[in-house]
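# Coordinate inspection notes
The lines below spell out each chain.
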Amino acid sequence: MCSGRSNLSIRLRLILWYSGLLVLILSTFGGILYAVLQSSLLAQIDRTLMETALEVQASARRHVAITPFNWQEVVALPPLDVFASPSIFVQVRYPAGIVAATSANLRNRTLPELPAEDWEKVLQGQVDMRIVQVGSIRLRMRSEAIAFEGRPAGVLQVAMPLRSVDETLQRLLEILLIGGGVGLFLSILGGIFLSSRALAPVARVTETARRIAATEDLGERLPPPRTRDEVGRLVLTFNEMLERLQHLFQAQQRFIADVSHELRTPLAAIRGNLEVLLRGAQEDPDMLRESLTDIEREVNRLSRMVADLLTLARAEAGIHPERRPVELDRLLLEVYREARHLAQGVEVRLGSEDQVQVLGDADQLKQLLLNLVDNSLKYTPAGGTVTLSLYREDSWACLSVADTGVGIAPQDLPHIFERFYRGKGDGRRGRRTGLGLGLPIAQWIAQEHGGEIRVESRPGQGSTFTVRLPLPPAD
Ligand code: ADP
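Regarding its fold elements, the protein chain presents nine helices and twelve strands. Radius of gyration (C-alpha) of the protein chain: 53 Å, far over the 23 Å computed for a compact globule of 475 residues. Reported as C-alpha extents along the three principal axes, the dimensions of the protein chain are approximately 165 × 60 × 35 Å. Counting the 475 residues in the protein chain, one finds 40% classified as buried. Here the contacts in the protein chain between residues at least 6 apart in sequence split such that 63% fall between residues at least 24 apart. Approximately 27,900 Å² of the protein chain is accessible, and the part contributed by carbon and sulfur atoms is 57%. Separation between the mean location of the 54 positive side-chain charges and that of the 56 negative ones in the protein chain comes to 6 Å.

Once that is clear, we can look at helix α5 (residues 230-278). Over its 49 residues, α5 runs 71 Å from end to end, which matches the ideal 72 Å to within 8%, given 1.5 Å per residue. Just downstream of α5 lies G280, where phi reads positive at about 115°.

Position of V386 among the secondary structure elements: in strand β9 (residues 385-393). For V386, a relative accessible area of 0% corresponds to the buried category. Once the C-alpha coordinates of V386 and V335 are considered, the two residues, 51 residues apart in sequence, prove to be 12 Å apart. Once you skip the residues sitting within four places of it in the chain, V386 turns out to touch V346, E347, V348, R349, S376, L377, T380, V401, A402 and D403.

Moving on to the confidence of the model for the protein chain. The predicted model of the protein chain averages 86 in pLDDT, with 91% of residues at 70 or higher. Scored below 50 in pLDDT, residues 427-431 shows six contacts in the model against residues more than four places distant or in partner chains.

Turning to the packing of helix α4 (residues 163-215) against α5, a few remarks are in order. Contact geometry of α4 with α5 gives a least axis separation of 9 Å together with a crossing angle of 15°. Classed by the angle they form, the pair α4 and α5 counts as roughly parallel. α4 and α5 meet at a crossing whose hand is left-handed. Across from A198, P201, V202, V205, T208, A209 and I212 in α4, the residues of α5 making contact are V231, L234, V235, F238 and L242. Grouping the constituent residues of the contact of α4 with α5 by class yields eleven nonpolar, one polar and no charged.

What follows covers the sheet that holds strand β11 (residues 452-458). Strand order across the open sheet formed by five strands is β7-β9-β10-β12-β11, with mixed pairing between neighbours. Only two strands of the sheet have a single neighbouring strand rather than two, namely β7 (347-353) and β11. Averaged over all adjacent pairs, the angle separating strand axes in this sheet is 15°, with direction ignored. Note that strand β10 (residues 396-403) and strand β12 (residues 462-470) share seven bridges and pair antiparallel. From the neighbouring strand, A397 faces β12, where its bridge partner is L469.

What counts as what
Along each chain, residue indices are assigned from 1 in the same order as the chain's sequence is written. Note on the predicted model: pLDDT of at least 70 is required for a residue's local features to be given, and 80 or more for side-chain atom pairs to be given and counted; whole-chain, interface and lining totals, by contrast, use all residues. Working from all heavy atoms in the structure, the side-chain values ignore hydrogens and water. Runs of H or I in DSSP of at least four residues are treated as helices and runs of E of at least two as strands, each being numbered from the N terminus. Only C-alpha atoms enter the radius of gyration; for comparison, a globular chain is expected to reach 2.2 Å times N to the power 0.38, where N is the number of residues. To sort residues, take the accessible area from a 1.4 Å probe on protein chains only and compare it with the maximum for the residue type: under 20% means buried, over 50% means exposed, and anything in between is partly exposed. In this analysis, two residues are considered to be in contact whenever any of their non-hydrogen atoms come within 4.5 Å of each other. Note on areas: these come from Shrake-Rupley sampling with a 1.4 Å probe, and a residue is covered only by the protein chains present in the view. Counted as positive: Lys and Arg. Counted as negative: Asp and Glu, with His and the chain ends omitted from the count. Taken as the charge centre is NZ of Lys, CZ of Arg, CG of Asp or CD of Glu, depending on the residue. An expected span of 1.5 Å times one less than the residue number is assigned to each helix. Every residue is assigned a pLDDT by the predictor, reflecting its confidence on a scale from 0 to 100. Axis lines are fitted through C-alpha atoms, for helices just across the contact stretch, and the angle between N-to-C directions can take any value from 0 to 180 degrees. Put simply, angles under 35 degrees are roughly parallel, angles over 145 are roughly antiparallel, angles from 65 to 115 are roughly perpendicular, and the rest are oblique. If you view the pair so one helix is near and one far, a crossing is left-handed when the near helix is turned anticlockwise from the far one by less than a right angle, and right-handed when it is turned clockwise. Just so you know the grouping, Ala, Val, Leu, Ile, Met, Phe, Trp, Tyr, Cys and Pro go in nonpolar, Asp, Glu, Lys and Arg go in charged, and all remaining residues, Gly too, go in polar. When DSSP finds two or more bridges between a pair of strands, those strands are recorded as paired.

This is the structure we're talking about:
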């Protein structure tokens, strides 16, 4: 059993609760059983005592009726031994308390006297029931008056030993204690067995988690559960969590690899151009201009990539863009100029250009547009066009970037705004692909400004991305 300290304590707690409850149930049940049996055995004895007393009373009266002399003589008792059995003692006392007669089985002993006030009550007609001790024997004793012509002529006492009742109750107590003890022991054993069976899968989860932490192998999974109970669901959730962690971890690794790759490419291009210049190309004005244009393009690409990463970090940190008036027409013009530098054989055009102002972060909005324009230039072959437009539509400012490029495959369209998603065919077309961050970042910026991005695309014909930003309320 591979159980840690906390597992053990859950198990211990389960067993303690379980056994505690069992002790409570057993002792309540045993107590009730004991009390019920005790009272029914006593009731049985009391019934026998009452029947005997009735018999004595009945024959005493018969004798009394025949000999009506003074009160001492009237209590003419039948021989008490007739009523006594080995386990029933009979005795009669005069009202003053003196013993008048006893059954022979009492030998030279007598049944005890009652305390004065109880004696009075008996003389007045009450029946007294109590447990008394004669020598070493415990007895149940019944005392009642023998009346003659409305006056008490004596007190009849009948008693039975409680030995058999005591023995029965003693045996019951033994059975309850031994049975309860054995039951408790078995229940603890059962509890240990059941709780370790129930907690074993939890221990396996812990063990796997520990192994993963030690080896950092996120590919490991717990064997699929056979049942859909709580533990089964825990295992499923744990596996799902591992799956997601693995996915995220792989995405992060791929991201780092991609970032390094993406940074290396423009740096290599810059270095190549610098080497050409150092080898004497600066003497030739045409080559100089070409190399410097190349370097500028690559530096711009690098800055955009760094800006993307920075925006991503801001988005992760929950930092919101500032809100200041931004003239979109000026912004569009800036982007248009930069785009013309980036375009290699693609014509960049300006479409309609309304004067529109929105509230937001100028740098981020420019980055949004540049990401869209960069994509359009990337996915439009030489000879194609990219058109930038700005216009109003109801209460929206609309910025659109339309290209006559390769378009987006229908299966890619639903995913292009997902992080790190890159169109499936991109690599094959020998095109430079990005990190798959351009569109998600553009969309994040649009949403942070209360807007959205819409896309229409036809494979082979081109795509149009439209950014809609809310116009500020009119003053
Ligand atoms: P990337 O850095 O790979 O361009 P993006 O998030 O900017 O990442 O774009 C995601 C994917 O969307 C691209 O890989 C590409 O397949 C597709 N895409 C985006 N813009 C265009 C476009 N103008 N024309 C064709 N495909 C596009």
